[in-house]
Amino acid sequence: MVRFGLTVVRHGETRYNKDKILQGQGVDEPLSATGFRQANAAGLFLSNVKFTHVFSSDLLRAKQTAATILGKNKFCKDLEIKYDARLRERKYGVAEGRPLTDLKAMAKAAGEQCPSFTPSGGETLDEVRERARDFFEFLCRLAVELEQKEQDMHGAASRSSGTAEEQLVFPWTNHCSETELSSGNGGTSKILDANILVVSHGAYMRNWIGYFVSDLNCTLPTNLTKSQLSSVSPNTGVSHFIIKLENGNFLKPEITCVCLNQDSHLVDVGAECVAPKVF
């Protein structure tokens, strides 16, 4: 069985986030001072997690967030960040660079509601979900290949020499139930074939998680509310998943959400931690 960890983080705040202006793909804003503080806080929160791979959207706000998070890590400061266009934010077409209220007005004029409304030149939710599905299947194939290489090199009895241990229970302890952590292993650290960090964007992440839940039957934390599930992550909100692939079958993954849009690291940052739902 292949088993890997997936940590997904939204980028830090930009001035457009603060002013509620849509960025999408066409507005490539850097992080604000607050955004860098958020990214630093997320990096400290994740500093004890030994990642094996890091992927980021190729938009500047995500690239800066990923670099800042890695810079705080105790184990993998020198790990290469791989940029992938499949992780970009949803494309909003003519609404990019305009206030969020304009998108709402466009949707109302069309007799539709956000977020299902697609402005001219924008991506539909199905198109965003297809990008997310394609990228996730790529991650599953990567984990399967790593596990196969490990077995070829060392044999099943010595797998631990080349894999990452779940550096846990920190930092996930306070954000999930005991059943989500124990998994019948007596509380000992479990072996992961890969431990992957992904930095992306709010609307994209919500769509990706929606795919996990509706299409792949992801197991959710017992205390998660419908409102939390439908909300966009706050800037640098952290979600963590454990993915199991029986017999290397990446088309039928078993996904457990350990925490969703966790933002306790932002308590002392001084930024708004609640994101609107409509992006």
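Everything that follows concerns the structure shown earlier in this document.
Each residue is numbered by its place in its chain's sequence as written, counting from 1. At least 70 in pLDDT is required for a residue's local features to be given in this predicted model, at least 80 for side-chain atom pairs to be given and counted, and no such filter applies to totals for whole chains, interfaces and linings, which use all residues. Only heavy atoms go into the side-chain values, all of them from the structure, while hydrogens and water stay out.

Attention now moves to the overall build of the protein chain. From N to C terminus, the protein chain includes 8 helices and 8 strands. We call a residue buried when its accessible area falls under 20% of the maximum for its residue type, exposed when it is over 50%, and partly exposed in between, using a 1.4 Å probe and counting protein chains only. Counting across all 279 residues of the protein chain, residues that qualify as buried make up 51%. In the protein chain, of all internal contacts separated by at least 6 residues, the share reaching a separation of at least 24 is 81%. Starting at the N terminus, helices and strands are each numbered in turn, a helix being any DSSP run of H or I of at least four residues and a strand any DSSP run of E of at least two. Residue contacts follow a heavy-atom distance rule, with two residues in contact if any of their heavy atoms lie within 4.5 Å.

Another point: the packing of aromatic side chains. Both the distance between ring centres and the angle between the ring planes are used here to describe each pair of aromatic rings. The criterion for an aromatic pair is that two Phe, Tyr or Trp rings (for Trp, the six-membered ring) have centres within 6.5 Å, with stacked assigned to planes under 30 degrees apart, edge-to-face to planes over 60 apart and tilted to the rest. Per the counting criterion, the structure on display carries 9 aromatic pairs. Aromatic pair Phe 135 and Phe 138: ring centres 5.7 Å apart, planes at 45 degrees, arrangement tilted. With Phe 135 and Phe 138 both in helix H5 (residues 125–154) and 3 residues apart, this pair spans about one turn of that helix. Under the relative-accessibility criterion, Phe 135 is labelled buried at 0%. An aromatic cluster is built from Phe 55, Phe 135, Phe 136, Phe 138, Tyr 204, Trp 208, Tyr 211, Phe 212 and Phe 241, whose rings are joined through pairwise contacts. Throughout this description, the term charge over a ring refers to an Arg CZ or Lys NZ atom that lies within 6 Å of the ring centre and within 35 degrees of the ring normal. The ring of Phe 138 is capped by Arg 86, whose NZ or CZ atom sits 4.8 Å from the centre of that ring.

Attention now goes to helix H7 (residues 202–214). For an α-helix the count is 3.6 residues per turn, leaving residues at separations of three or four pointing the same way. An ideal rise of 1.5 Å per residue puts 18 Å on 13 residues; H7 measures up with 18 Å between its terminal C-alpha atoms. Along H7, 10 of the 13 residues are buried, which leaves the element largely enclosed by surrounding structure. For H7, the complete set of buried residues consists of Gly 202, Ala 203, Tyr 204, Met 205, Arg 206, Asn 207, Trp 208, Ile 209, Tyr 211 and Phe 212. One less than the number of residues in a helix, times 1.5 Å, gives the span that helix is expected to have.

Turning next to the sheet that holds strand E1 (residues 2–10). A sheet is described by the order of its strands in space; here 6 strands give the open sequence E3-E2-E6-E1-E7-E8, paired in mixed fashion. Each of the sheet's edge strands pairs with one partner strand only, and the pair in question is strand E3 (81–83) and strand E8 (254–262). Strand-to-strand, the axes of this sheet are offset by a mean angle of 20 degrees, without reference to chain direction. In terms of strand pairing, strand E2 (residues 53–56) meets E3 through 3 bridges, oriented parallel. When the bridges of E3 are listed, Phe 55 appears paired with Lys 82. Contacting E1, E2, E3 and strand E6 (194–200), helix H3 (residues 60–71) crosses the sheet at an angle of about 140 degrees to E6. All axes here are fitted lines through C-alpha atoms, helices being fitted over the stretch that makes contact, and every angle between N-to-C directions spans 0 to 180 degrees. Its contacts with the sheet place H7 against E1, E6, strand E7 (238–245) and E8, and it is angled at close to 150 degrees to E1. In short, DSSP must find at least two bridges between two strands for them to pair.

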